[in-house]
Amino acid sequence: MGQKRGTRMKVQDREPAGYQEQETNAQTGGSRASDISASYAQQGFLSGLPVLDALELQAAREAFGKLEREFGKEYTQYSLHNVHLQYDWVMALAKHPKVLEPVSTILGPDVILLDSRFICKYPVGATSNGQVGNDITTSAKQNSALDNEEGNYGKAHAGQQDKSGLPFVAWHQDMRYWGLAGGPVLSVWLALDDSLEENGALQVIPGSHCSGILPHQPSPHSGNMLSVNQEIPEELVKIDEAVLCPLLAGQMSVHDGLLIHGSDPNTSGRRRCGFVIRFVPTCAYPIQDPDRPRSFNATVLVCGTDKFRNFPNNTQEL
């Protein structure tokens, strides 16, 4: 992920609270929501949350495949931005009940969809030639990898050996790039493909969201997918505490806008595609910050009511 490539990261000694614990408590009604909130408040993320069933996943993948063929993989790698306003199926993903349930549990009943983007890490050379190996992996081996003693978490690495130009995401915080105040930003990664260690799954530093916004600097590593090519200085990242957040296609993770996270290059033969959705409570508002210039022209009210009206372009979509 941009720092200390090739160095092994240790998994936390304690098991991070994740979906499996929440699933166990689902039968107890309100305690499930409190468990989600408590785990998220402590760790800054949740992972392995099931969203799409087999038919929904197949339909979403087929629809995305049409966009790949229409626009080309160079474009679909990162440039399908806020297309929830153009395609009903994308809006349906963003407003899926199993997406909004944990989001509203964490942010409260009044929630705005702030921004969305498809992000794809293609195998080397796949953006310019050939078919992408993007088959869903559901073998016993892969399921076992996701269902180990670490719950839905796995061992993380500081990065593959430096391979010039391979797309990766440096350690960063989402809020560094969002001109917002008054409320948190919550990011969802909804996996259309399996997101595993070998194809560059999300890595996070649990609890790092409690440190506030950290300094970011230009990254010296080529291939950083962050549009401003920044990273948090290595000495400020507790790399030995990082954990991997593998997902099977149809699952999602959520993380706080202040959580330090990143991902390694895709060194597999398979695509890693995900739908990233940002949500904020309606009390959040845009600020004028020259270091974080942002326009929010694709916001949608997805839960509750908006008594604040802080986003003039907010679309009433309930």
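Parameters at a glance
Residues numbered from 1 in each chain as written. Predicted model: local features only at pLDDT ≥ 70, side-chain atom pairs only at ≥ 80, totals over all residues. Heavy atoms only, no water. Phe/Tyr/Trp six-rings, centres within 6.5 Å; stacked < 30°, edge-to-face > 60°. Buried < 20%, exposed > 50% of the residue type's maximum accessible area, 1.4 Å probe, protein only. Lys NZ or Arg CZ within 6 Å of the ring centre and 35° of its normal. pLDDT = per-residue confidence, 0-100. Contact = heavy atoms within 4.5 Å. Helix = DSSP H or I, 4+ residues; strand = E, 2+ residues; numbered from the N terminus. Expected span 1.5 Å × (residues − 1). Polar contact = N/O pair within 3.5 Å; in protein donor to acceptor, adjacent residues only side chain to side chain. Pairing = 2+ DSSP bridges.

K.L.:
Before we go on, may I ask you to explain the packing of aromatic side chains in this structure?
P.N.:
Working definition: an aromatic ring pair is given by the centre-to-centre distance plus the angle between the planes. Counting across every chain of the model gives six aromatic pairs. Ring centres of Phe 71 and Tyr 75 lie 5.2 Å apart, and the angle between their planes is 25 degrees; this geometry places the pair in the stacked category. According to the relative accessible area criterion, Phe 71 is partly exposed, its value standing at 34%. Within the aromatic cluster, the residues linked to one another by ring pairs are Phe 64, Trp 89, Phe 118 and Phe 275. Over the face of the ring belonging to Tyr 78 we find Arg 117, whose NZ or CZ atom lies 4.1 Å from the ring centre.

K.L.:
Sorry if this is basic, but what is going on with the confidence of the model for the chain here?
P.N.:
As a note on interpretation, predicted positions should not be read in detail where pLDDT is low. Chain-level pLDDT for the chain is 77 on average; 70% of the residues reach the 70-or-more range. Of the regions scoring below 50 in pLDDT, residues 1–29 engages in 95 contacts with residues more than four places distant in sequence or in other chains. Within the model, the stretch residues 128–162 combines pLDDT values under 50 with 102 contacts to residues more than four positions away or in other chains.

K.L.:
Help me out: how do you make sense of helix H3 (residues 54–71) in this one?
P.N.:
Residue pairs spaced three or four apart in an α-helix point in one direction, given the helix's 3.6 residues per turn. Compared with the 26 Å implied by 1.5 Å per residue over 18 residues, the 26 Å span of H3 between its first and last C-alpha is a close match. Turning to H3, the residues buried within the fold contact helix H4 (73–76), helix H5 (88–94), strand E2 (111–121), strand E5 (186–191) and strand E12 (272–281). At the N-terminal boundary of H3, the capping side chain belongs to Asp 53, with an oxygen 3.1 Å from the backbone nitrogen of Leu 55. At the C-terminal side of H3, Gly 72 shows a positive phi close to 90 degrees.

K.L.:
I would appreciate a short explanation of the environment of Tyr 40 in the present structure.
P.N.:
Note that Tyr 40 resides in helix H2 (residues 30–43). When sequence neighbours within four positions are dropped, the list of residues in contact with Tyr 40 reads Phe 45, Leu 46, Ile 106, Leu 186, His 209, Val 254, His 255 and Asp 256.

K.L.:
I keep staring at the pairing of E2 and nothing clicks. Help me out?
P.N.:
Two faces, one strand: in a regular strand the side chains alternate between the faces of the sheet. Buried residues dominate E2, accounting for 11 of its 11 residues. In this structure, E2 lies alongside strand E14 (residues 300–303), joined through three bridges in antiparallel fashion. Counted as the bridge partner of Val 111 is Cys 303 from E14. Judged from the 10 bridges that link them, E2 and E12 form a sheet pairing that is antiparallel. Along E12, the bridge assignment pairs Phe 118 with Phe 275.

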